[in-house]
Structure formats: structure tokens, C-alpha cells
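Structure assessment
One-letter residues, chain by chain:
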Amino acid sequence: DQQVKQNSPSLSVQEGRISILNCDYTNSMFDYFLWYKKYPAEGPTFLISISSIKDKNEDGRFTVFLNKSAKHLSLHIVPSQPGDSAVYFCAASGRNSGNTPLVFGKGTRLSVIA
Amino acid sequence: KAGVTQTPRYLIKTRGQQVTLSCSPISGHRSVSWYQQTPGQGLQFLFEYFSETQRNKGNFPGRFSGRQFSNSRSEMNVSTLELGDSALYLCASSLGAAEETQYFGPGTRLLVL
């Protein structure tokens, strides 16, 4: 049973436009959410996180939105750049429920076309 | 600060052999987690160690084991290798427990022939 789902395996966006990557979760105990970016043959790189007490967190071109009632989060990248082309993983954990490791989605491959 | 390091980066083994992978966390980080990544499967959690104790274990057979040393360095071992064990093995460290933000190493690419 997948607790974290990224339903779009791939996404193509034109350079300069907005990229929106989506993630759904099922476990209501999750209260901390992260996005990682991964290039081929490298380990995932931490991008941005959000705690369940917030509904938005911004860091430069990256913004994560959390909708707790819908158990949904999204990552917005504006403007998209060719260097953003990578696989993006959504992850979740239950910090306050303790002893729960990060659970990852299967990833979305983003291609930014120049 | 140096990042998470993993050795070796690439490994070729044959079925039935065993393998040991090593991970050195970021200095000061006490938690080390291991993941297996195969095409289309995302990151599958193997286990987590915190202060030399295994805190969590994923749904993998007993052929997969690990340990953590007093300096927080960790090793994972896979015995009796199978073809399906071919994957990228990733190690991640976090300051405290694994539910915190984890920082990943470059991974060890294992090919089982």
C-alpha cells in the first residue's frame, strides 16, 4: 500500500514557465513533508520542506503548498530552467508520532524544454 | 562540511556472493538510513540506525543487514546475492532521528551477474 503517491511519472514544461509537481499521501500521521531532486547517478538532493503547521513554504524559485484536508502537496518551480530537469521525489514522515522513517513517492521526471 | 560519502561507488558481484557497503555520515549526524532504488520503484527503505541501534527496518529479507559504529559510520551487508539485488543503494544521514531532513550520499551502484 503506497502511502505517498506521485501520480504523474513525467512532466514536460517550457523554459520560463511554471512547473507544478503533485503528491498525495494517505497516512494522517504524516506531519513533515519534503521534496528531493535527483540527477542520474547521483543521490537525491534536499530541496525544500514543510511542516503540517504551515500551508506554504517558499525558497527562491521553489514553493511547496500543503493542503492537509485533501492530503495533498505540490511543488511549484517558477520560472523553470533547463537545469531543473531531473526526477523529483516527494517524501513524508511523522515527526510527532515518532520513530517513523521517511516514506518516498516513486518520483516524477521533469523535463524543462529550452 | 563534507557531505555523506559512500564506498565503493560501483560494484559487480555474482549470484550467491555477499557484499558490504560503507557509509560515512555528515559530521555530527547520528542517524543513518539506507535505501534501495530500482527503476520505477522509487526509494525503498531498508533500515535506520541511530546511536548504534537499529530503530526501524523495512520490508526486506534477512539477507539484508546493517550496523552502525560508535563514530556513526554505517555498513550494510547483503548475503547470498540474487539478480534482483542489482540496484542503487543510497545512504542518508540526519542530525537526529530519521524523520528529520535527510541528506543523501551519491550511492553505490551494485550489479549482480
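These remarks concern the structure in this document. Model, not experiment: these values are computed from the prediction. (Residues numbered from 1 in each chain as written. Chains lettered and ligands numbered in written order. Predicted model: local features only at pLDDT ≥ 70, side-chain atom pairs only at ≥ 80, totals over all residues. Heavy atoms only, no water.)

**A look at the overall build of chain B**
Scanning chain B from N- to C-terminus turns up 0 helices and 11 strands. Compactness check: chain B gives a C-alpha radius of gyration of 13 Å against a globular reference of 13 Å for 113 residues, within 12% of the reference. Each principal axis of the C-alpha distribution contributes one length, and for chain B these read about 35 × 30 × 25 Å. Residue burial in chain B is summarised as follows: out of 113 residues, 51% are buried. Put simply, 55% of the contacts in chain B that link residues at least 6 apart link residues at least 24 apart. Of the accessible surface of chain B, which amounts to about 5100 Å², a share of 50% is contributed by carbon and sulfur atoms. (Helix = DSSP H or I, 4+ residues; strand = E, 2+ residues; numbered from the N terminus. Rg over C-alpha atoms; globule rule 2.2 N^0.38 Å. Buried < 20%, exposed > 50% of the residue type's maximum accessible area, 1.4 Å probe, protein only. Contact = heavy atoms within 4.5 Å. Areas by Shrake-Rupley, 256 points an atom, 1.4 Å probe, with all protein chains shown as cover.)

**As for the interface of chain B and chain A**
For interface size, the figure often reported is the accessible area lost on association. Taken together, the contact pairs 21 residues of chain B with 20 residues of chain A. Between the two partners, chain B and chain A, sit 0 salt bridges. Here the residues of the side of chain B that touches chain A sort into 9 nonpolar, 8 polar and 4 charged. (Salt bridge = Lys/Arg side-chain N within 4 Å of Asp/Glu carboxyl O. Nonpolar A, V, L, I, M, F, W, Y, C, P; charged D, E, K, R; others polar.)

**What about the sheet that holds strand 8 (residues 72-77) of chain A?**
On the basis of which strands lie adjacent, the open sheet formed by 5 strands has the order 1-3-8-7-6 (chain A) and antiparallel pairing. Two strands lie at the open edges of the sheet, namely strand 1 (4-5) and strand 6 (56-59) of chain A, each paired on one side alone. (Pairing = 2+ DSSP bridges.)

**Side note on the pairing of strand 5 (residues 45-51) of chain A**
Residues and elements named next belong to chain A. Pairing of strand 4 (residues 32-38) with strand 5, which is carried by 6 bridges, proceeds in the antiparallel orientation. Counted as the bridge partner of Tyr32 is Ser51 from strand 5. The hairpin turn running from strand 4 into strand 5, its antiparallel successor, is 6 residues long, and Ala41 in that turn takes a positive phi close to 65°.

**Some words on a nonpolar patch on the surface**
Residues and elements named next belong to chain A. A cluster of nonpolar side chains, contributed by Ile18, Ile20 and Val78, occupies part of the molecular surface with about 220 Å² of accessible area. By the secondary structure assignment, Ile18 is in the loop between strand 2 (10-14) and strand 3 (19-25). Owing to a relative accessible area of 41%, Ile18 belongs among the partly exposed residues under this scheme. (Patch = residues over 30% accessible without salt bridge, like charges linked within 9 Å, V, L, I, M, F, W, Y side chains within 5 Å.)

**What about the packing of aromatic side chains?**
Residues and elements named next belong to chain A. Applying the stated criterion to the full structure yields 12 aromatic pairs over all chains. With 5.6 Å between their ring centres and 50° between their planes, Tyr36 and Phe104 make a pair best called tilted. Here the residue Tyr36 occupies a position in strand 4, and Phe104 occupies one in strand 10 (residues 103-104), the gap between them amounting to 68 residues. The residues Tyr36 and Phe104 share a single accessibility class, namely buried. (Phe/Tyr/Trp six-rings, centres within 6.5 Å; stacked < 30°, edge-to-face > 60°.)

**Description of the side chain of Gln102 of chain B**
Relative to the elements of secondary structure, Gln102 of chain B occurs in the loop between strand 9 (87-94) and strand 10 (103-104). On the basis of relative accessibility, which here comes to 0%, the residue Gln102 of chain B falls in the buried class. A polar contact of 2.9 Å, which involves the side chain of Gln102 of chain B, links it to the side chain of Tyr35 of chain B. Contact partners of Gln102 of chain B, with chain neighbours within four places excluded, come to Tyr36, Phe46 and Leu102 of chain A together with Ser33, Tyr35, Ala92, Ser93 and Ser94 of chain B. (Polar contact = N/O pair within 3.5 Å; in protein donor to acceptor, adjacent residues only side chain to side chain.)

**Considering the sheet that holds strand 8 (residues 74-78) of chain B**
All names here are of chain B. With respect to topology, 4 strands assemble into an open sheet ordered 1-3-8-7, the strand pairing being antiparallel. On the outer flanks of this sheet lie strand 1 (5-7) and strand 7 (64-68), each paired with one strand and no other. Within this sheet the neighbouring strands show an average axis-to-axis angle of 20°, counted without direction. Pairing geometry for strand 3 (residues 19-24) and strand 8, over 5 bridges, is antiparallel. Within the sheet, the bridge partner assigned to Val19 lies in strand 8 and is Val78. (Axes fitted to C-alpha atoms, helices over the stretch in contact; angles between N-to-C directions.)

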